[in-house]
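Here are the chains, one letter per residue:
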Amino acid sequence: MTVELIETTSPAGLVLEKTPLETYVAPAKPSLIGLSRAELAERLGWIGVPPAQRKMRVQQLWHWIYFRGATNFDEMTSISKETRAELQQHFTVDRPEVVAEQISSDGTRKWLLRLPSGDKIERPHEIECVYIPETDRGTLCVSSQVGCTLNCAFCHTGTQRLVRNLTAGEIVGQVMVARDRLNDWADRDTPGGGRLVTNIVMMGMGEPLYNFDAVRDALLIVADNEGIGISRRRITLSTSGVVPNIVRAGDEIGVMLAISLHAVRDELRNELVPLNRKYPIAELLQACRDYPGASNARRITFEYVMIKGVNDSLDDAKLLVKLLKGIPAKINLIPFNPWPGTAYECSEWDQIEQFSEYIFNAGYSSPVRTPRGRDILAACGQLKSETEKLSARERQALRAMAMTD
Ligand code: SAH
Ligand code: SF4
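What comes next is a walk through the structure. (Residues numbered from 1 in each chain as written. Chains lettered and ligands numbered in written order. Predicted model: local features only at pLDDT ≥ 70, side-chain atom pairs only at ≥ 80, totals over all residues. Heavy atoms only, no water.)

### Some words on the site of ligand 1
Close to ligand 1 lie 21 residues, the nearest being Gly 206, Ser 238, Ser 260, His 262 and Asn 337. Relative to its free-state accessible area of 530 Å², ligand 1 is covered by the protein chains to the extent of 95%. Looking at the shell around ligand 1 residue by residue, the classes come out as 10 nonpolar, nine polar and two charged. (Near = heavy atom within 4 Å. Areas by Shrake-Rupley, 256 points an atom, 1.4 Å probe, with all protein chains shown as cover. Nonpolar A, V, L, I, M, F, W, Y, C, P; charged D, E, K, R; others polar.)

Following this line, the structure appears as structure tokens:
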């Protein structure tokens with residue numbers, strides 16, 4: 001286990017980012033989920049599949065894993081018995097383990113998922129993943145990290161200390177768990193016939209652009225139309241503003257972009273989203289202007305959490321409209337979701353309406369995001385896994401252990 005405790009500080013000495021405290025330790029028998037076709041072919045080589053057969057076997061595996069959602073090799077009847085036995089001996093198709101499932105009164109479901117973790121950590125790494133059914137779609141909110149290295153002032157996940165990047169398999173695995181639990185695979189008996197998980201938002205725990213490669217590899221698998229097949233237009237990646245990776249996301253992943261803006265003046269954004277000290281608003285908006293593929297048909301979403309008396313004045317709305325001039329944008333107002341221990345409150349409904357109306361009259365679509373699953377702490381910014389619940393003393397012990405590593 002490598003443990004680093006370096007923290008990036010701003011010139012004013014404020015902590016901007018926590019460095020991941022943990023690294024991923026692969027289980028003895030690894031899962032094939034999350035591997036690209038080329039990586040699958042390589043694994044087949046390891047177990048003695050001759051080169052001439054690999055391409056066909058990869059196609060079969062891909063179909064069983066990502067199209068039909070097979071949970072073990074026995075189901076893969078088009079693959080020879082011998083190859084299945086070899087696969088079984090060396091690999092699994094395991095997804096993250098479901099530890100708990102909560103269903104909200106509004107139908108939202110939250111899964112607490114356990115991941116393989118390092119041997120020195122007593123408590124396993126856990127993440128949360130949320131399914132939000134709506135009349136015309138079903139959106140799955142997927143995590144990219146255990147916790148988050150950033151410390152946005154209004155976000156519950158940001159208060160979580162224990163952090164590691166998820167692997168591509170753990171990211172794709174969340175989508176597979178949702179399809180398993182909802183009986184939502186191609187040949188299964190989905191109620192009503194159509195698919196339940198139709199949209200993906202990378203808006204769970206973590207900053208996806210600080211785990212770029214794994215998020216890219218995972219989303220390319222999720223979008224692959226011979227497998228899970230959720231088109232790039234139905235996948236949205238939300239970032240708090242990791243400017244150097246925004247254009248890369250457009251080039252290398254090609255999904256829809258959402259920006260967690262939340263403030264229109266650097267002074268306030270520095271406070272709410274401390275990463276702003278590194279990448280201020282002007283740089284962030286320039287990256288949006290340069291985002292490949294942005295157009296009126298493919299607008300960038302600007303997320304704006306409405307916090308009472310902090311960022312919800314009409315002046316803020318006016319400046320927001322000014323700032324976004326020339327960017328194909330829509331604005332998503334998110335009523336602040338409270339969590340235990342926060343000092344912030346949600347804006348008054350009247351204030352949200354006024355704000356929304358101003359933006360709407362200026363020509364922007366400005367839906368107010370209805371909070372979903374608040375009763376099970378599944379709404380935006382409320383996610384925080386049990387892993388965090390280490391006592392101060394335990395955390396200190398962990399640090400001491402890391403120092404002697
Ligand atoms: N790290 C990424 C994606 C995860 S957060 C990001 O910040 O964009 C998903 C969205 O929920 C972000 O817009 C985030 O700012 C917002 N959010 C965080 N805490 C919130 C809270 N308490 N109430 C409402 N929205 C919140
Ligand atoms: Fe991390 Fe996003 Fe929460 Fe900020 S809002 S702490 S970037 S998860």
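### As for the nonpolar core
Side chains that are nonpolar tend, in soluble globular proteins, to be buried together. Counting residues in hydrophobic clusters, the biggest one holds 104 residues, and the most contacted among them are Leu 61, Leu 140, Phe 154 and Phe 302. By residue number, the principal contributor to this core is helix 5 (residues 212-223), which donates eight residues. Shared between two domains, this core takes at least three residues from each, and those domains are domain 1 (37-90) and domain 2 (95-404). Apart from the residues within four sequence positions on either side, Phe 302 is in contact with Ile 259, Leu 261, Leu 285, Cys 288, Leu 324, Ile 327, Ala 329, Lys 330, Ile 331 and Asn 332. If you look at the next biggest cluster of nonpolar residues, it comprises six residues, including Val 130, Ile 132, Ile 376 and Ala 378. (Core = buried A, V, L, I, M, F, W, Y, C linked by side-chain atoms within 4.5 Å. Buried < 20%, exposed > 50% of the residue type's maximum accessible area, 1.4 Å probe, protein only. Helix = DSSP H or I, 4+ residues; strand = E, 2+ residues; numbered from the N terminus. Domains from an automatic or database assignment. Contact = heavy atoms within 4.5 Å.)

### Some words on the pattern of salt bridges
A full pass over the atoms with the stated rule returns 20 salt bridges. Residues Arg 114 and Glu 126 are paired through a salt bridge, measuring 2.9 Å at the closest nitrogen-oxygen approach. Residue Arg 114 is found in strand 4 (residues 109-115), and its partner Glu 126 is found in strand 5 (residues 125-133); the two are separated by 12 residues along the sequence. Residue classification places Glu 126 among the buried positions, given a relative accessible area of 5%. (Salt bridge = Lys/Arg side-chain N within 4 Å of Asp/Glu carboxyl O.)

### Details of the packing of aromatic side chains
Tallied over the entire structure, the rule returns three aromatic pairs. With a centroid separation of 5.1 Å and 35 degrees between ring planes, the pair formed by Tyr 304 and Phe 355 is classed as tilted. In this pair, Tyr 304 is assigned in strand 12 (residues 300-306) and Phe 355 in helix 10 (residues 349-361), connecting sequence segments 51 residues apart. Exposure remark for Tyr 304: the relative accessible area of 1% places this residue in the buried category. Each ring, one from Phe 336 and one from Tyr 344, has its centre 6.2 Å from the other, and the planes form 80 degrees; the classification is edge-to-face. Residue classification places Tyr 344 among the buried residues on the basis of a relative accessible area of 18%. (Phe/Tyr/Trp six-rings, centres within 6.5 Å; stacked < 30°, edge-to-face > 60°.)

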